[in-house]
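Here is what each chain is made of, one letter per residue.
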Amino acid sequence: MSKLVVEGGNRLEGSIRIPGAKNTVLPILAATIISGKESVIEDCPEIKDVELTVEILKNLGCKIKREGRTLTVDSSDISDYTIKEELMDKMRSSIILTGAILARMKKAKTTYPGGCELGLRPIDLHIKAFKELNISVVEEGGYIMFDGENAHSGDIHLAFPSVGATENIMLVATTIKGTTKIINAAKEPEISDLADFLNKMGCRVLGAGTSVITIEGADSFSNVNHTLIPDRIVAATVMAAAAVTGSTVEINNVNTEHIGAVISAFREMGVLVFKTMDNSVVVSAAGRIKPLNLLRTSPYPGFPTDAQSIITSVLSVADGTSIVIENIFEQRFKHTEELIKMGADVTVDGRCAVIKGVDRLKGAKVSARDLRSGAALVVAGLCADGFTEIDNLYHIDRGYENTLLDLREIGAKITKV
Ligand code: EPZ
C-alpha cells in the first residue's frame, strides 16, 4: 500500500497551473450521454473519479478517447441503462449519471451511491424531484429502477440548494417536453459550467448561477467542444500550501470570482493574495497566520465546504484561536483526529471545531479519511517538523492529479513510497 512522505519546513516558490475542475467534469461527462453525438472536453484532470466515470460510460456503450487532457466521448451507440454496482459503490457522485441516462434511454438502473465518508449522503432530493417529474422510482433487490417513459416538465422546489440534485434535474429535463424550473437551485460555478456545456449541445438552460434555473426540453443535439473551468478547490489547496510555508507562489488558471470567499479568508489570515493577469494570482505569506474568529461553510458564493479541511490545517498553526462551523456535511471534521496526532489543538463538537493555533506541528503517521482531508494532511505536513507519512492515498487520487506530487514543481518535498 503506497503512502506519501511529506518533509516539513521548506519554503515554496515559483508558479503552478491549476487543472480543470473535478466537480464540473463529472456532470459534464454525464451530459455527453444525452446527445448521441461527439463531445470533446478540454483540460480534463487526470484523476480517479474521471477514470471511474469513463468506465461507466464505456459500459453503457460510449466510445471514449483520451489524449492527455483532451477527452473525446462518442455516445452514438448507447446500448445499456444500468450502472454496474461495483462502479456505483466507488463514487457517490455517479448518481448524477441517472439523470443523463434517463434523458437518453427513458430508463435507468442503479444501486444506492457509495463514495466519500462525509456522513450520511442521502439522495432524497434527487428522488423527490424525479417523482415530481412523473419519473417512477422503484427499489427492488438493492437496485433502484427509474422509468421516465411518461415524464413531464414541472417546477421543482429544492428544500436545500443541493449541487448534485440541481445537476440531476438539469440533465433529466434536457429531453422532457416543455419547461422545467428549478427553484432554490445550487449556484456553484460547476452548475454554470454544466449549463454552458448543455447549451452548446443544443439545450436551452437559463438562469444557471442564480437560484432559479429553467430548462427547455429538446430532441436534437450537436457535437460539443468545451474547456472545463479550473478547479477552485485545487487552487485553494495550493494557496493553503503557500500560506503554511510562508511562501510566495504564483497560481495560474484560476477564476478569482469562483474563490472569492476563499481569498477573503486568506486575507483575513494575513496572507497577501493579488491578481496578476486575467486568470492568475500571486499568494504571499510572510509571518504568522492570523486566526479566524468564525468561519462558516455555506452554499456558493459562501465559503466552500470542500476547502474547510484544508483551511483547518492552516488555522492549526495560527497565532490564536479560530472557530469553524461546517454547515453542509455533518461529518467533515474527521481530519482533525489526524491533525491532533501531529500536535494540533482542536476540539470538535458536532458541526463546530475550535482550533487553538500551536507554534509548530510535528510530523506523524496519519491517514487520509476522505478526498479533501487527504489534501489537508499534505498541507499540514508541509509546515510540520520532520516527516509526515500519509496513507489511504486512493482518497487523494480521486480528486488530485498525481497524488498532489505536482506541488514539487514549487519546491514541496513530497515523495510517494
Ligand atoms: C457536490 O456534492 C460535490 N461533489 C462535493 O464535493 C461538494 O462538497 C458538495 O457538492 C457541496 O458543494 C461533486 O460535485 C461531485 P450536495 P453533492 O448535494 O452534490 C445533503 C469534493 O470534495 N443532501 O450539495 O453530493 C447532503 O447530505 C466533494 O469534491 C441531501 O440531504 O453535494 C449534504 O449534507 C465532496 N439530500 C448537502 O445536502 C440529497 O438528495 C450538500 O449536498 C442531496 C444532498
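The numbering scheme is per chain: residues are counted from 1 as the chain's sequence reads. Residues qualify for local features only when their pLDDT is at least 70, as the model is predicted, and side-chain atom pairs are given and counted only at 80 or more; totals for whole chains, interfaces and linings, by contrast, use all residues. The basis for the side-chain values is all heavy atoms of the structure; hydrogens and waters are excluded.

Draft legend 1. Region of the structure containing the layout of surface pockets. Buriedness for pockets is judged along seven lines, at least five of which must meet protein on both sides within 12 Å for an open set on the 1 Å grid over protein atoms alone, while cavities are sets there where a 1.4 Å probe fits but cannot get out, and lining residues have an atom within 4 Å of a point. Grid points are joined across faces, edges and corners, and a volume is the space filled by probe spheres set on the points. Here the second largest pocket defines a volume of roughly 280 Å³. For the second largest pocket, the lining is made up of 15 residues, of which V244, T245, G246, R360 and C383 are closest to its centre. A breakdown of the residues in the lining of the second largest pocket according to their chemical character gives six nonpolar, five polar and four charged. Following the grouping adopted for this structure description, the nonpolar residues are Ala, Val, Leu, Ile, Met, Phe, Trp, Tyr, Cys and Pro, the charged ones are Asp, Glu, Lys and Arg, and the polar ones are all others, Gly among them.

Draft legend 2. Seen up close, the pattern of salt bridges. The term salt bridge refers to a side-chain nitrogen of Lys or Arg lying within 4 Å of a carboxyl oxygen of Asp or Glu. One pass over the full model with this rule turns up 20 salt bridges. The partner of R69 in a salt bridge is E401, with the nearest N and O atoms 2.8 Å apart. Highlighted residues: R69 in the loop between β4 (63-67) and β5 (70-74) and E401 in the loop between α13 (394-399) and β25 (413-416), separated in sequence by 332 residues. Looking at R69, the relative accessible area reads 29%, which means it is partly exposed. Among the salt bridges present, the one from R288 reaches D319, with a minimum N-O distance of 3.9 Å. With a gap of 31 residues between them, R288 in the loop between β16 (280-284) and β17 (295-296) and D319 in the loop between α10 (308-315) and β18 (321-325) connect regions that are remote in the sequence. Via salt bridges that share partners, R17, D43, R69 and E401 belong to a single interconnected network. Under the scheme used here, helices are H or I runs from DSSP no shorter than 4 residues and strands are E runs no shorter than 2 residues, and both carry numbers assigned from the N terminus. For every residue, the accessible area obtained with a 1.4 Å probe (protein chains only) is divided by the maximum for its type, and the residue is called buried under 20%, exposed over 50%, and partly exposed between those limits.

Draft legend 3. Summary view of the environment of K128. Assignment of secondary structure puts K128 in helix α5 (residues 124-132). Spatially, the C-alpha atom of K128 lies 9.6 Å from that of A165, the residues being 37 residues apart in sequence.

Draft legend 4. Molecular detail of the site of the ligand. Taken together, 24 residues form the shell around the ligand, and within it D124, L125, S162, D306 and I328 come nearest. In this structure, an oxygen atom belonging to the ligand sits 3.4 Å away from a main-chain N or O atom of P122. In this structure, an oxygen atom belonging to the ligand sits 2.8 Å away from a side-chain N or O atom of R372. Isolated, the ligand exposes 820 Å² of accessible area, and the fraction of that covered by the protein chains is 90%. Partitioned by chemical class, the residues of the shell around the ligand number eleven nonpolar, six polar and seven charged. We call a residue near a molecule or strand whenever a single non-hydrogen atom of that residue lies within 4 Å of it. Here a polar contact is recorded for every N or O atom pair within 3.5 Å, except that within protein the pair must consist of a potential hydrogen donor and a potential acceptor, and residues adjacent in sequence are included only if both atoms are side-chain atoms. Note on areas: Shrake-Rupley, 1.4 Å probe, and residue coverage restricted to the protein chains presented here.

Draft legend 5. Spatial organisation of the domain arrangement of the protein. Domain delimitation follows an automatic or database domain assignment. Looking at the protein, the domain boundaries give domain 1 (4-19 + 230-416) and domain 2 (22-227). Domain 1 and domain 2 are separated by 30 Å when their C-alpha centres are compared. What gets called buried area is simply the loss in accessible area from a 1.4 Å probe that two parts show on being joined, summed for both. Taking both sides of the interface into account, the surface hidden between domain 1 and domain 2 amounts to around 2,100 Å²; carbon and sulfur atoms contribute 50%. Of all residues in domain 1, the largest losses of buried area upon contact with domain 2 belong to Y300, R398 and E401, amounting jointly to 33% of the total for that side. Close ionic contact of D49 with R398 constitutes a salt bridge, the shortest N to O distance being 2.8 Å. Across the contact surface, domain 1 and domain 2 share nine residue pairs in polar contact (both at pLDDT 80 or more). Taken together, the elements giving at least two residues each to the side of domain 1 that touches domain 2 come down to α12 (371-382) and α13. For the side of domain 1 that touches domain 2, the element with the most residues is α13, which contributes four residues. Here the side of domain 1 that touches domain 2 is composed, by residue class, of eight nonpolar, six polar and 13 charged.

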